[in-house]
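One-letter residues, chain by chain:
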Amino acid sequence: MASHTSHIRKLIAAAAAAGCISLGLAATGGATASAATTPAHPFPTHVTYKVGVMPSASQATRDAAVEKQYNSWKSTYLVHGCASNEYYVSTKGDNDATNGGTVSEAQGYGMNIVPLMAGYDTNAQTEFNGLWQLVKDHKDQWGLMQWQLDGKSCRYYSGGTPDAATDGDLDIGYGLILADKQWGGYTADAKAWLASFYAHDVAPDGHLKCEDDGPTTDTRPSDMMLDHLRAFAAYDTSHDWNKVVTRTEAVINEFSASYSSSSGLLSDFVVNANGTSPKPAPANYQESQPDNIVGYNSIRVPWHLGTDALVNGSSTAATAYGTAKKESACLKKLSGGNPANVQPHIKLNCANGNISGDTQAEEAGDSVGPAAMASGDQAWTDAIWKQLGTNPFGDAYYGETIKMLVYVVMAGDYWSPAS
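Now for a quick tour of the structure. (Residues numbered from 1 in each chain as written. Predicted model: local features only at pLDDT ≥ 70, side-chain atom pairs only at ≥ 80, totals over all residues. Heavy atoms only, no water.)

Here we take up helix H1 (residues 59-77). Compared with the 27 Å implied by 1.5 Å per residue over 19 residues, the 26 Å span of H1 between its first and last C-alpha is a close match. Residues of H1 that are buried: Arg62, Asp63, Ala65, Val66, Gln69, Tyr70, Trp73, Lys74 and Tyr77. The buried side chains of H1 occupy one side of the element, clustering within an arc of 160° when seen end-on. Projecting away from the buried face of H1 at angles above 90 degrees are the exposed residues Ala60 and Lys68. Against the buried residues of H1 lie strand E2 (78-80), strand E3 (87-89), helix H2 (104-116), helix H3 (124-137), helix H12 (378-388) and helix H13 (397-411). (Helix = DSSP H or I, 4+ residues; strand = E, 2+ residues; numbered from the N terminus. Expected span 1.5 Å × (residues − 1). Buried < 20%, exposed > 50% of the residue type's maximum accessible area, 1.4 Å probe, protein only. Arc of directions from axis to C-beta. Contact = heavy atoms within 4.5 Å.)

Within the secondary structure, Asn312 sits in helix H8 (residues 301-316). For Asn312, a relative accessible area of 17% translates into the label buried. For Asn312, the contacting residues outside a window of four places in its chain are Lys50, Asp227, Arg230 and Ala317.

Now for the environment of Thr161. Along the polypeptide, Thr161 turns up in the loop between strand E6 (156-157) and helix H4 (166-182). Distance in space between the C-alpha atoms of Thr161 and Asp140 is 8.3 Å, their sequence separation being 21 residues. If we skip the residues at most four places from it in the chain, Thr161 touches Gln141 and Tyr156.

What follows concerns the nonpolar core. Grouped together as the largest cluster of nonpolar side chains are 114 residues, with contacts concentrated most on Phe128, Leu176, Leu229 and Trp241. With eleven residues, the top contributor of residues to this core is H13. Non-local contacts of Leu176, meaning those with residues more than four positions away in its chain, are made with Met111, Phe128, Trp132, Tyr186, Asp189, Ala190 and Trp193. (Core = buried A, V, L, I, M, F, W, Y, C linked by side-chain atoms within 4.5 Å.)

This part takes up the pattern of salt bridges. The tally for this structure, following the rule as stated, stands at 13 salt bridges. The salt bridge involving Arg300 is made with Glu105; its shortest N-O contact spans 3.6 Å. Of this pair, Arg300 sits in the loop between strand E8 (279-280) and H8 while Glu105 is found in helix H2, placing the two residues 195 residues apart along the sequence. Given a relative accessible area of 1%, Glu105 falls into the buried group. Among the ionic pairs, Asp308 bridges to Arg230, the shortest N-O distance being 2.9 Å. With Asp308 in helix H8 and Arg230 in helix H6 (residues 226-235), this pair connects stretches of sequence that are 78 residues apart. (Salt bridge = Lys/Arg side-chain N within 4 Å of Asp/Glu carboxyl O.)

Here is the structure:
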């Protein structure tokens, strides 16, 4: 869940939704239980990545571009509500939650973005505490966030038992660690969250499930945020996160060997993830889109794996590094080096990957940025950086939020809480 066909998305999977009473206000005021603390890593915190290249633009130009995007993102999508001490990231424009509500994926994105922008944003800790408060106020039976919240009713609005989505849970946990390293005071919350995540989002063999109440046989490659998992391993020694890293890498390698050995592309959903022969899910496995190829979920893979390679290097992150390089090369070839031509739906065989008449989305090309950097392709990196300053297809919440996070990585401001 908490995934996309961007402009119009219809889930076939189990029901959704719970709520928050939107006050409909841009996030400008305070809503925190504690006074703000001076950040340990104020933006911009410049990082030297372990592999690859940076955009050719100067560091000052890159920092300014991130600040401009943050101003736009915050004023448009960060909402002060449901309650007076809550904030949420609105999915308005993308139909991901009714009445411009939020999903756990969006909330997790916000809980990553805001700590990374602390220092530039003097209200960052207030906003982070409000984002975290909304999560705490909307937990499911396993202590994880109800994945979809209505923008007016503040209730879980669809049928079925409220459940959580793994991508949102991952980013919320990572956000708590970022906050703890940035301001201090979140250790107990972070470790309690990671304990719930490990108990309910991790399958017995170590691979990531798609949701906390879902089967232990499938997984979603867009959840394979290996840099997050490595940070969890460094932060939380009470659970075997290295087992999760190892099994996640094994699924990537086993899948690619059979279905995308030259391209590294991963389908939106993968079944048989608990064995040695993972394979693409059926076409409409969870969503009304071809879940057996790259789609609006797996367009995020080069961003996540590229980031892992940049932060952790070609040895520690060998699987991410190798896969990111293959994906970057494939997507550059298919698009003719124009990131606006990277399509949201791509067949796993890069040789005939483009789908005639498919939709277009800015986030498809934006997401390739960290993979292009890790691969060392200067021209491709610069082309993607240039596109980040535009919005050629009018993308809303999903594209603009992914852009925000990719901007931080590509600017060289993505510091790791594990370092």
